[in-house]
Amino acid sequence: MSAGTLTAGRGRSLASATTLMPLSGLALVLIIAAVVTPGFYSGANLRLVLFQAGLIGITAVGQTLVLLGRGIDLSVGAVMGLTTVIIAAQSGGDAGRLPLAIGLAVLAGLAVGAVNAGLVVLRGVPPFVATFAVFVLIQGAITAWTKGAAAGDIPKALQPLGSGRFLGVPTPLWLFAAIAAVVAVVLARTSAGRRLYATGSNPRAARLSGIRTGRVMAAGYLASALLAVLAGLVSAAYAGHVDAQLSRSLDLNSLAAAVIGGIALTGGRGHIGHTVIGVALLAVLIVWMIQLGAGAGGQLAVQGAAILLATWLRQRGTNGSGGGG
């Protein structure tokens, strides 16, 4: 058997394991939840799981695009919070001013994405440092505006985006499904997807082959920011006001969903299907923790442990397969 055949076989084995591990984890959590908390499968809880999956999923798709290009975006929650502040401040609860407010939120999101891209691509700042600094800056401004309490009014015309349902399924989940489907096609069938994978797998080789890796990475940050704006609109529509606390966990949630699902932190590996599995697992975990009465600290601990476990298992699989993938 040739070395090429062995490498291909190992790559397929790693890909299968990367998919099976989070699926097995999801099945295990669903079974344990049924035993420990029988009320978990009530209609209200299931709707909450679907809503959480939609909200987290929208941001996780953007995070996936950044991770595939060997980056990371820790400003997601800040962009969400900034979106809700802009909607509340510019509309004042008036539906007639909503289109302008949404337009300004989109421009603000693009500006944040451009700053992230500029720091990482043009200035060479490590992605973690650059996006975390942007997060701290924006989150500080949001906290100053809200004074740490719920503030502002969101137009009721926006409510269907957050609390609406179609065929009994929350609107955010439909949005996530549509976005995930489009991005999956782009990644699998277009030259843009091939350039992104090439950039994440080996930036130097990609540059030598003529790929403008800086533009590819910048596009990922802009897409992530725009999806964070959409998630901010969903969050604002659901809550009906601005709450600086609501969006803070979305940075970790979007990252956790992608990594738990199987997207490599080192770039160039994984696909949207992995992210979808990770989103489902994380949404179930979050709602289950709420059912168990775990506070915010408990939820963060569980998410952190899930990220560490997923990263360790993937690294172990990669080493065991000789780096195939």
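To be clear, the structure that these remarks concern was listed above.
My aim in this report is to walk through the structure given alongside it, one point at a time.

So, how was this worked out
Residues numbered from 1 in each chain as written. Predicted model: local features only at pLDDT ≥ 70, side-chain atom pairs only at ≥ 80, totals over all residues. Heavy atoms only, no water. Helix = DSSP H or I, 4+ residues; strand = E, 2+ residues; numbered from the N terminus. Contact = heavy atoms within 4.5 Å. Polar contact = N/O pair within 3.5 Å; in protein donor to acceptor, adjacent residues only side chain to side chain. Buried < 20%, exposed > 50% of the residue type's maximum accessible area, 1.4 Å probe, protein only. Expected span 1.5 Å × (residues − 1).

## Details of the environment of Asn-45
Inspection of the secondary structure assignment puts Asn-45 in helix 2 (residues 43-68). Residues Asn-45 and Val-284, spaced 239 residues apart in sequence, show a C-alpha to C-alpha distance of 9.5 Å. In this structure, Asn-45 is in contact with Gly-39, Phe-40, Val-287 and Gln-291, ignoring residues within four places of it in sequence. In this structure the side chain of Asn-45 is engaged in a polar contact, spanning 3.3 Å, whose partner is the side chain of Gln-291.

## A short note on unusual backbone geometry
Positive phi is not limited to glycine here, since Arg-70 has a value of about 70°. As for its position among the elements, Arg-70 is in the loop between helix 2 and helix 3 (76-91). Take Arg-70: its relative accessible area is 40%, and that puts it in the partly exposed class. Even without being glycine, Leu-167 reaches a positive phi, approximately 60°. Looking at the secondary structure, you find Leu-167 in the loop between strand 1 (165-166) and strand 2 (169-170).

## Description of helix 5 (residues 127-146)
Along its 20 residues, helix 5 runs 28 Å from first to last C-alpha, staying within 8% of the 28 Å computed at 1.5 Å per residue. Tucked inside the fold, the buried residues of helix 5 contact helix 3, helix 4 (98-122), helix 10 (213-239) and helix 11 (250-261). Immediately beyond the C-terminal end of helix 5, within one or two residues, lies Lys-147, with a positive phi of roughly 55°.

## Description of helix 12 (residues 272-291)
Its 20 residues place the ends of helix 12 29 Å apart at the C-alpha level, agreeing with the 28 Å of an ideal helix rising 1.5 Å per residue. Most of helix 12 sits inside the fold, with 15 of its 20 residues counted as buried. Trailing helix 12 by a residue or two, Gly-293 shows a phi angle of about 85°, which is positive.

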